[in-house]
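# Results of the structural survey
This is what each chain is made of:
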Amino acid sequence: MTSPETLGPVPSLDPAIADRLKRDADGLVPAVVQDATSRDVLMVGWMDDEALHRTLTTGRGTFWSRSRQSYWVKGETSGHVQHVREVRLDCDGDTLLVVVDQTGPACHTGDPTCFDADRLL
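Worth saying up front: this structure is predicted, and the values here are computed from it rather than measured. The numbering scheme is per chain: residues are counted from 1 as the chain's sequence reads. Per-residue local features are limited, in this predicted model, to residues with pLDDT of at least 70; the limit for side-chain atom pairs, both in listing and counting, is 80 or more; totals at the level of whole chains, interfaces and linings are taken over all residues. Excluding hydrogens and water, the side-chain figures rest on all heavy atoms present in the structure.

## Here's the deal with the overall build of the chain
Keep this limit in mind: By the criteria applied, helices consist of DSSP H or I runs no shorter than four residues and strands consist of E runs no shorter than two, each listed in order from the N terminus. Radius of gyration here is computed from C-alpha atoms only, and the compact-globule reference equals 2.2 Å multiplied by the residue count raised to the power 0.38. Here's how the labels work: a residue is buried when its accessible area is under 20% of the maximum for its type, exposed when over 50%, partly exposed in between, all with a 1.4 Å probe on protein chains only. Residue contacts are counted whenever heavy atoms from the two residues lie within 4.5 Å of one another. To be clear on the numbers: accessible area is Shrake-Rupley with a 1.4 Å probe, and residue cover counts the displayed protein chains and nothing else. The convention is simple: Lys and Arg are positive, Asp and Glu are negative, and His and the chain ends are not counted. Where a charge lies is defined by one atom per residue type: Lys uses NZ, Arg uses CZ, Asp uses CG and Glu uses CD.
Helix and strand counts for the chain come out as two helices and six strands. Along the chain, helices (α) and strands (β) appear in the sequence α-β-β-α-β-β-β-β when read from the amino end. Relative to its length of 121 residues, the chain is compact, with a C-alpha radius of gyration of 15 Å against a globular reference of 14 Å. With the principal axes as the frame, the chain shows a C-alpha extent of 50 × 35 × 30 Å. Looking at the chain residue by residue over its 121 residues, the buried ones come to 31%. Residue pairs at least 24 apart in sequence account for 43% of intrachain contacts in the chain once pairs closer than 6 positions are excluded. By element, 52% of the accessible surface of the chain is carried by carbon and sulfur atoms, the whole surface being about 7800 Å². For the chain, the separation between the mean place of its 12 positive charges and that of its 19 negative charges on side chains is 3 Å.

## Some words on the UniProt feature "binding site: Zn(2+)" (unreviewed entry) in the chain
To keep it simple, the criterion reads: UniProt positions are given in the numbering used here, feature names are shortened, and annotations may be inferred rather than shown by experiment.
Here, UniProt's "binding site: Zn(2+)" (unreviewed entry) annotation points to C91, C107 and C114. Spatially, the listed residues are scattered: they cover 24 residues, and their C-alpha atoms lie as much as 27.4 Å apart. In this structure, C91 sits in the loop between strand 5 (82–89) and strand 6 (96–102). What makes C91 exposed here is its relative accessible area of 77%. In this fold, C114 is placed in the segment after strand 6. Beyond its immediate stretch of four places on either side in the chain, C114 contacts L42, M43, A106 and C107.

## Structural notes on a nonpolar patch on the surface
Note the cut-off: Each patch is built from residues that are more than 30% exposed by relative accessible area and take part in no salt bridge. Like charges join if they lie within 9 Å; nonpolar side chains (Val, Leu, Ile, Met, Phe, Trp, Tyr) join within 5 Å. One speaks of a salt bridge when a side-chain nitrogen belonging to Lys or Arg is within 4 Å of a carboxyl oxygen belonging to Asp or Glu.
A cluster of nonpolar side chains, namely V41, V44 and F115, defines an oily patch on the protein surface of about 250 Å² accessible area. Structurally, F115 can be placed in the segment after strand 6.

## Details of the environment of A106
In this structure, A106 sits in the segment after strand 6. Between the C-alpha atom of A106 and that of S78, which follows or precedes it by 28 residues, the distance is 9.9 Å. Non-local contacts of A106, meaning those with residues more than four positions away in its chain, are made with L42, M43, K74, D111, P112, T113 and C114.

## A closer look at the UniProt feature "domain: Phosphoribosyl-AMP cyclohydrolase" (unreviewed entry) in the chain
When the UniProt feature table is mapped onto this chain, "domain: Phosphoribosyl-AMP cyclohydrolase" (unreviewed entry) is found at residues 43–115. End C-alpha atoms of residues 43–115 are separated by 7 Å, and the span's content is 14% helix alongside 38% strand.

## Thoughts on the pattern of salt bridges
In this structure the tally under the stated criterion is four salt bridges. Between D49 and R23 there is a salt bridge whose closest N-O contact spans 2.8 Å. Here R23 lies in the loop between helix 1 (15–18) and strand 1 (29–35) and D49 lies in helix 2 (residues 49–58), a separation of 26 residues in the sequence. The exposure class assigned to D49 is partly exposed, which follows from its relative accessible area of 25%. A salt bridge links R88 to E86, with the shortest nitrogen-to-oxygen separation between them at 2.5 Å. By relative accessible area, R88 is classed as partly exposed at 48%.

Put into structure tokens, the structure is as follows:
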């Protein structure tokens, strides 16, 4: 059996990107997920350096669950995957924009986006 120590160093987020991120007290940055075709805002998730690194290297939307305290890949259990086309960092370095091709609904409720249910204005 191979242990993590024998695999060598674990790849991490590019320091040039990591240096630009402004994280909250928990080390997280909000990630706004947008559909590449419709431009609809699909959802908002949270990323730390590892989640962002995984997203950039796998091309799949990967987030940190604040409630479960674990990483999750969008669509891993539902099949409603996000294929990442691009990731942008805003001018302040405190928010990510993740542009995706979404397969199926983006919201866990089955709605196309997490912003379909309650319009306030």
